[in-house]
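Residues per chain are reported as follows:
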Amino acid sequence: MKQFIDFIPLLLFFIVYKLDPRAIDLAGHELTFGGIYSATAVLIISSLVVYGAIFISQRKLEKSQWLTLIACLVFGSLTLAFHSETFLKWKAPVVNWLFALAFIGSHFIGDRLLIKRIMGHALTLPEPVWVRLNLAWIVFFLFCGAANLFVAFTFQDYWVDFKVFGSLGMTVLFLVAQGIYLSRHLHDTDPASPKTED
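All values reported here derive from a predicted model rather than from experimental measurement. (Residues numbered from 1 in each chain as written. Predicted model: local features only at pLDDT ≥ 70, side-chain atom pairs only at ≥ 80, totals over all residues. Heavy atoms only, no water.)

Describing the UniProt feature "transmembrane region" (unreviewed entry) in the protein chain
Phase 1 of the analysis: Residues annotated in UniProt with the feature "transmembrane region" (unreviewed entry) correspond here to residues 34–54, 66–82, 94–114, 135–156 and 162–182.
Phase 2 of the analysis: Annotated as residues 66–82, this span is 100% helix and 0% strand, and its ends, taken at the C-alpha atoms, are 24 Å apart. (UniProt positions renumbered as here; feature names shortened; annotations may be inferred. Helix = DSSP H or I, 4+ residues; strand = E, 2+ residues; numbered from the N terminus.)

Side note on the nonpolar core
Phase 1 of the analysis: Grouped together as the largest cluster of nonpolar side chains are 25 residues, with contacts concentrated most on Ile115, Trp130, Leu133 and Trp137.
Phase 2 of the analysis: Those elements giving two or more residues to this core turn out to be α4 (63–82), α6 (91–105), α7 (114–119), α8 (127–154) and α9 (159–183).
Phase 3 of the analysis: With residues near it in sequence (within four places) discarded, Ile115 still touches Phe103, Gly120, Trp130, Leu133, Asn134 and Trp137.
Phase 4 of the analysis: Of all hydrophobic cores here, the second largest spans 17 residues; its members include Leu10, Phe13, Phe14 and Leu43. (Core = buried A, V, L, I, M, F, W, Y, C linked by side-chain atoms within 4.5 Å. Buried < 20%, exposed > 50% of the residue type's maximum accessible area, 1.4 Å probe, protein only. Contact = heavy atoms within 4.5 Å.)

Re the confidence of the model for the protein chain
Phase 1 of the analysis: Residues of the protein chain with pLDDT of at least 70 account for 91%, and the chain-wide mean is 87.
Phase 2 of the analysis: Every residue in residues 189–198 is under pLDDT 50, and counting partners more than four places away or in other chains gives 4 contacts. (pLDDT = per-residue confidence, 0-100.)

Some thoughts on the packing of helix α2 (residues 7–18) against helix α3 (residues 36–58)
Phase 1 of the analysis: Where α2 contacts α3, the axes come no closer than 8 Å and their chain directions differ by 155°. Of the possible angle classes, the one that applies to α2 and α3 is roughly antiparallel. At the point where α2 passes α3, the crossing takes the right-handed sense. Note on element contacts: α3 touches α2 through Ile36, Ser38, Ala39, Thr40, Val42, Leu43, Ser46, Ser47 and Val50, opposite Ile8, Pro9, Leu10, Leu12, Phe13, Val16 and Tyr17.
Phase 2 of the analysis: Here the contact of α2 with α3 is composed, by residue class, of 12 nonpolar, 4 polar and no charged. (Axes fitted to C-alpha atoms, helices over the stretch in contact; angles between N-to-C directions. Parallel < 35°, antiparallel > 145°, perpendicular 65-115°, else oblique. Left-handed = near helix turned anticlockwise from the far one by under 90°. Nonpolar A, V, L, I, M, F, W, Y, C, P; charged D, E, K, R; others polar.)

Brief notes about the packing of aromatic side chains
We describe a pair of aromatic rings using the distance from one ring centre to the other and the angle between the two ring planes.
Phase 1 of the analysis: Tallying each qualifying case throughout the model produces 14 aromatic pairs.
Phase 2 of the analysis: Note on Trp90 and Phe153: the rings are 5.9 Å apart at their centroids and 50° apart in plane angle, and the pair reads as tilted. Of the two residues, Trp90 sits in the loop between α5 (86–89) and α6 while Phe153 sits in helix α8, which places them 63 residues apart along the sequence.
Phase 3 of the analysis: The class of Trp90 is partly exposed, set by a relative accessible area of 34%.
Phase 4 of the analysis: Its relative accessible area of 34% is what places Phe153 among the partly exposed residues.
Phase 5 of the analysis: Centroid distance Phe103 to Phe141: 5.7 Å. Interplanar angle 35°. Geometry classified as tilted. Of this pair, Phe103 sits in helix α6 while Phe141 sits in helix α8, placing them 38 residues apart in sequence. (Phe/Tyr/Trp six-rings, centres within 6.5 Å; stacked < 30°, edge-to-face > 60°.)

Shown next as structure tokens:
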């Protein structure tokens, strides 16, 4: 669910980006609505609203949500300040690679893998399965970052479509594949099954 909450500002960004630019009057100021720059402003505002609401209701944000919000504010602000969409094109690759770095780092720092910290409260799995799962997330984030970067600078007419639907599609496919993989291993360690002694 947290993965899909992150897509709300992205979907609003996509909708505004696809609108034909039009001038609107707002409190005596004429603003252009539609296109990349107004869509970027909507992305920033909606991210603040969504994550602000989560923070108010839960009194905290996950580290991944903080990273997503900060990246949106930094790259979005740079895009508006310098009037260049290049900054925004780097947001998805950088965020994905930072996530990959966090999963990589958990192999060397701390007593548990990052995926085990995230899912360990809900699942009991053999340690080799946790390792393979953590490695799968590393590969996923590295691939997503590279795919976003490639599309953004190679197919510039379609990078926003890919940023929204390509990222969503890759996430859904990966989560389905993860679910199938986990279903094969859940029986390996079943804490609910009492041990019997002969």
